[in-house]
Amino acid sequence: MSAALDRPQSMRVRSDGITLTGDHWPVQADAHGSVLLLHGGGQRRHSWRRTGEWLAEAGWSSYAFDARGHGESDRSPTGDYSVSALVGDVLKIIEQIGEAPVLVGASMGGMTSLIAEGEHGPLARALVLVDIVAKVEAEGARRIQTFMSSAPNGFASLQEASDAIAAYNPHRPRPKSLDGLRKNLVQRPDGRWHWHWDPKVMSRGTEPEREIGRERAVAAARNITAPTLLVRGAQSDIVSDEGLQEMQELIPHAQAVEVQAAGHMIAGDDNDVFTTELLRFIESTR
């Protein structure tokens, strides 16, 4: 992989009075098209790094942004982290990209993608929903909510934060180094480490649903006409067989794939398999 692809270009997009920070992996010539990657609640754009690199190497100009209130993107001064606000941000980003991208969303980013395309489409040349459906399993959503709301006073060390992540996601191998956690935590003057997201993010209901009612998600799904791929983690507690079946009935042309060694955080649990399936699908849309 070239150094140019390994180091993405930084981007800034203004939306609703705040600045969104993103990465762009450009293609030097003859790009197949653009891919916009939207992360889940509590994640950052860096969760898509390897995917962005692979896509660019395969000829797809790819973009990944920190959602409002996450990472280096601004926090909302009014605490507005509703899915409607997130959709508004996506519309501004697509406007900046200047063409219809393949829209790839995981969890919160997937619900945002579904509502954006279903209510404002056609926006995307294709849609990839990663472990998200209209009927989210309540227990899995509550488990995410509990994890994201834990440690309001932060962690004494990166190791303590790593232990909390391992307890939430026990099937994922622990990283050999704790350095990667520095992108997901912020160290305050008192030395304690806090999650990078605005605590007010959690005021809008459980992740990944936000304040979305199932009826709104169902209505949006029925409006989807773009080529669609549904990706589920085999160990997910968010997407059930019933939920996946309903989604395939709502979007009859949708393809579905299951990643065996993954839970809800598919791109992080098995990035190689996920990106291979993603590339296979988007190449079929050319």
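Up top is the structure these notes are about.
Numbering of residues begins from 1 in every chain and follows the order in which that chain's sequence is written. In keeping with the predicted nature of the model, local features appear solely for residues at pLDDT of at least 70, side-chain atom pairs appear and are counted solely at 80 or more, and the whole-chain, interface and lining totals rest on all residues. As a rule here, side-chain values cover all heavy atoms of the structure and leave hydrogens and water aside.

Draft legend 1. Spatial organisation of the pattern of salt bridges. Any Lys or Arg side-chain nitrogen found within 4 Å of a carboxyl oxygen on Asp or Glu counts as a salt bridge. The full count for this structure, using the stated rule, is 20 salt bridges. Between Asp-23 and Arg-45 there is a salt bridge; the shortest N-O distance is 3.1 Å. Residue Asp-23 is found in strand E2 (residues 18-25), and its partner Arg-45 is found in the loop between strand E3 (33-38) and helix H2 (49-57); the two are separated by 22 residues along the sequence. The exposure classification of Asp-23 matches that of Arg-45, with both residues buried. Here a helix means four or more residues in a row that DSSP labels H or I, a strand means two or more in a row labelled E, and each is numbered from the N terminus. Per-residue accessibility, obtained with a 1.4 Å probe over protein chains only, is compared with the maximum for each type, and a residue is labelled buried under 20%, exposed over 50%, and partly exposed between these values.

Draft legend 2. Seen up close, the layout of surface pockets. Here a cavity denotes grid points, spaced 1 Å and computed from the protein atoms alone, that fit a 1.4 Å probe unable to get out, and a pocket denotes an open set having protein on both sides within 12 Å along at least 5 of 7 lines; residues with an atom within 4 Å of a point are the lining. Grid points are joined across faces, edges and corners, and a volume is the space filled by probe spheres set on the points. Within this model, the second largest pocket holds a volume of roughly 210 Å³. What lines the second largest pocket is simply Arg-75, Met-148, Ser-149, Ser-150, Ala-151, Pro-152, Arg-188, His-194, Trp-195, Trp-197, Pro-199 and Met-202. Elements supplying a minimum of two residues to the lining of the second largest pocket: helix H5 (138-149) and strand E8 (193-195). Residues are grouped as follows: Ala, Val, Leu, Ile, Met, Phe, Trp, Tyr, Cys and Pro are nonpolar; Asp, Glu, Lys and Arg are charged; all remaining types, including Gly, are polar. Here the lining of the second largest pocket is composed, by residue class, of seven nonpolar, three polar and two charged.

Draft legend 3. Main features of helix H4 (residues 108-120). Compared with the 18 Å implied by 1.5 Å per residue over 13 residues, the 17 Å span of H4 between its first and last C-alpha is a close match. Counting buried positions over the 13 residues of H4 gives 11, a clear majority of the element. Three or more residues of H4 are buried, namely Met-108, Gly-109, Gly-110, Met-111, Thr-112, Ser-113, Leu-114, Ile-115, Ala-116, Glu-117 and Gly-118. Where H4 is buried, its residues touch E3, helix H3 (83-97), strand E5 (102-106), strand E6 (126-130), helix H7 (214-222) and helix H8 (241-250). Expected span of a helix: the number of residues minus one, times 1.5 Å. By the convention used here, residues are in contact when the closest approach between their heavy atoms is within 4.5 Å.

Draft legend 4. Looking closely at the sheet that holds E6. Spatially, eight strands are ordered E1-E2-E4-E3-E5-E6-E9-E10 in an open sheet, and the strand pairing comes out mixed. Every interior strand has two partners, whereas the edge strands, strand E1 (9-15) and strand E10 (255-259), have only one. Between one strand and the next, the sheet's axes are offset by a mean angle of 20°, whatever the strand orientation. Sheet strands in contact with H2 are E2, E3 and strand E4 (60-65), and its direction is about 160° off that of E4. Two strands form a pair only when DSSP identifies at least two bridges running between them. Geometry is summarised by axes, namely lines fitted to C-alpha atoms with helices restricted to the contacting stretch, and by angles between N-to-C directions that run from 0 to 180 degrees.

Draft legend 5. Examining the side chain of Asp-66 more closely. By the secondary structure assignment, Asp-66 is in the loop between E4 and H3. Here Arg-44 takes part through its side chain, which lies 3.2 Å from a polar atom of the side chain of Asp-66. Discounting residues that sit within four places of it in the chain, Asp-66 has contacts with Leu-20, Thr-21, His-39, Arg-44, Arg-45, Gly-71, Glu-72 and Ser-73. Residues adjacent in sequence count toward polar contacts only when both atoms are side-chain atoms; beyond that, a polar contact is any pair of N or O atoms within 3.5 Å, and within protein one must be able to donate a hydrogen and the other to accept it.

Draft legend 6. Highlighting the environment of Asn-184. Structurally, Asn-184 is set in the loop between helix H6 (158-168) and strand E7 (185-187). The spacing of Asn-184 and His-194 is 10 residues in sequence and 8.5 Å in space, taken between C-alpha atoms. In contact with Asn-184, not counting residues within four places along its chain, are Arg-44, His-194, Trp-195 and His-196.

Draft legend 7. Focus on empty space enclosed by the protein. Per the counting criterion, the structure on display carries two cavities of 30 Å³ or more. Leu-38, Ala-67, Arg-68, Leu-86 and Val-90 are the residues nearest the centre of the largest cavity, which is lined by 14 residues in total. Mapped by element, the contributors of at least two residues to the lining of the largest cavity are H3 and H4. In terms of residue count, the dominant contributor to the lining of the largest cavity is H3 (four residues). Residues belonging to the lining of the largest cavity are distributed by class as follows: eight nonpolar, three polar and three charged. Here the second largest cavity defines a volume of roughly 30 Å³. Surrounding the second largest cavity, Leu-129, Asp-131, Ile-132, Val-133, Leu-230, Val-231, Arg-232, Val-239 and Leu-244 form its lining. The element contributing the most residues to the lining of the second largest cavity is strand E9 (residues 228-233), with three residues. Split by residue class, the lining of the second largest cavity holds seven nonpolar, no polar and two charged.

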